[in-house]
Amino acid sequence: MTFVLYEGVEPVDLAAIGVMSMARRIIPELSYETVAATRDPVAFSNGLMVLPTKTFDEVEAVDVLLVPGGPGWRKASMDPVLQAFAQRVAPGATVCSVCTGAMILAQAGLLDGKPATTKVEVVLPEVSPLLELRERFPGVQAEHALLVDAGQVVTGGGVTLCIDAVLYLLEKRFGEEAASEVARIMEYSAARSANRARLARIG
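The shown structure was predicted, so the numbers you read here are calculated from the model rather than taken from an experiment.

(A) Main features of the pairing of strand S6 (residues 64-67). Residues Val 64 and Leu 66 line one face of S6 and the alternating positions Leu 65 and Val 67 line the opposite face, and both faces are buried. Pairing geometry for strand S1 (residues 2-4) and S6, over two bridges, is parallel. From the neighbouring strand, Phe 3 faces S6, where its bridge partner is Leu 66. Sheet analysis places S6 next to strand S7 (residues 94-97), joined by four bridges and oriented parallel. Counted as the bridge partner of Leu 66 is Cys 96 from S7.

And the structure:
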């Protein structure tokens, strides 16, 4: 998994990497890396500094590209370097966004003609990102869902639902038994079942 870093990522979205770390106990061949425009530390929304493993230019093939969300998505979605990277690697990768990372994919044109989801819940007077996705990108079929699998592109719901999205990617690649075992050792089985019960999984 190649995890994109940009200024203003929500630290909770690092749970996606946490899932991969735990999953290696069940699926040892898994690997992950963090990538950004430079190798300089990247400041997350709370000031946490995270070091990229590689720069965008150093990345060749990508298996799974994961684009996280956070309040920095607006600036990131207009970053031509990040956009060019996503567009370059997307044809050969499974592309996954979590939370408002979907807005970055939408701006890059990677959600055109596809169903997608993103973060829903906000603190008023903030506008729901799902509503903004629907209004700003009419070519995207915005869905209130746990996740949406549009084939080569998977979009996950908001914040902690990044965990469910990564478990789904593991399920898709390695089967439900492996994904369920990862959820079990994470002590996430009950939460996974509850999220599946309350939100649709589309695709």
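(B) Representation of empty space enclosed by the protein within the structure. For the coordinates displayed, the defined rule picks out one cavity of 30 Å³ or more. Space inside the largest cavity adds up to approximately 50 Å³. Around the largest cavity sit Leu 146, Leu 147, Asp 164, Tyr 168, Glu 171, Arg 192, Arg 196 and Arg 201, which together line it. Every element with two or more residues in the lining of the largest cavity is listed here: helix H6 (161-174) and helix H8 (189-198). With three residues, the top contributor of residues to the lining of the largest cavity is H6. Split by residue class, the lining of the largest cavity holds three nonpolar, no polar and five charged.

(C) Inspection of helix H1 (residues 15-23) at higher detail. Regarding H1, the residues found buried are Ala 16, Ile 17, Val 19, Met 20 and Ala 23. With its buried residues spanning 155° around the axis, H1 presents them on a single face.

(D) Summary view of helix H5 (residues 129-136). Taken as a whole, H5 has its buried residues at Pro 129, Leu 130, Glu 132 and Leu 133. Viewed along the axis of H5, the buried residues span an arc of 160°, placing them on a single side of the element. Packing partners of the buried residues in H5 comprise helix H2 (73-77), helix H4 (101-107), strand S8 (115-116) and strand S9 (141-142).

(E) Main features of the packing of H1 against H6. At their nearest, the axes of H1 and H6 sit 8 Å apart, and the two run at 40° to each other. Taken together, the axes of H1 and H6 lie oblique to each other. Relative to H6, the crossing made by H1 is right-handed. Taking contact as the criterion, the partners of Ala 15, Ala 16, Val 19, Met 20 and Ala 23 in H1 are, on H6, Cys 162, Ile 163, Val 166, Leu 167 and Leu 170. Residues of the contact of H1 with H6, tallied by class, amount to 10 nonpolar, no polar and no charged.

(F) Inspection of the side chain of Thr 55 at higher detail. Mapped onto the elements, Thr 55 comes out in strand S5 (residues 54-55). Residues contacting Thr 55, with those up to four places away along its chain left out, are Ala 36, Ala 37, Thr 38 and Arg 39.

(G) Representation of the pairing of strand S11 (residues 153-156). Of the two faces of S11, the one carrying Val 153 and Thr 155 and the one carrying Val 154 and Gly 156 are both buried. The pairing of strand S10 (residues 147-149) with S11 spans three bridges and is classified as antiparallel. Residue Leu 147 lies in a different strand from S11, and its bridge partner there is Gly 156. Remark: three residues form the turn of the hairpin made by S10 and S11, two consecutive strands paired antiparallel; Gly 151 in that turn has positive phi of roughly 95°.

(H) Region of the structure containing the pattern of salt bridges. Tallied over the entire structure, the rule returns 12 salt bridges. Measuring nitrogen to oxygen at the nearest pair gives 3.0 Å for the salt bridge that ties Glu 171 to Arg 201. Pair noted here: Glu 171 is in helix H6 and Arg 201 is in strand S12 (residues 201-202), with a separation of 30 residues, a long-range link. Several salt bridges converge on common partners, so that one network encompasses Glu 171, Glu 176, Arg 192, Arg 196 and Arg 201.

What counts, and at which threshold
Residues numbered from 1 in each chain as written. Predicted model: local features only at pLDDT ≥ 70, side-chain atom pairs only at ≥ 80, totals over all residues. Heavy atoms only, no water. Buried < 20%, exposed > 50% of the residue type's maximum accessible area, 1.4 Å probe, protein only. Helix = DSSP H or I, 4+ residues; strand = E, 2+ residues; numbered from the N terminus. Pairing = 2+ DSSP bridges. 1 Å grid on protein atoms, 1.4 Å probe; cavity = no way out; pocket = protein on both sides within 12 Å on 5 of 7 lines; lining within 4 Å. Points joined across faces, edges and corners; volume = space filled by probe spheres on them. Nonpolar A, V, L, I, M, F, W, Y, C, P; charged D, E, K, R; others polar. Arc of directions from axis to C-beta. Contact = heavy atoms within 4.5 Å. Axes fitted to C-alpha atoms, helices over the stretch in contact; angles between N-to-C directions. Parallel < 35°, antiparallel > 145°, perpendicular 65-115°, else oblique. Left-handed = near helix turned anticlockwise from the far one by under 90°. Salt bridge = Lys/Arg side-chain N within 4 Å of Asp/Glu carboxyl O.

These results come straight from atomic positions and should not be treated as a statement about function.
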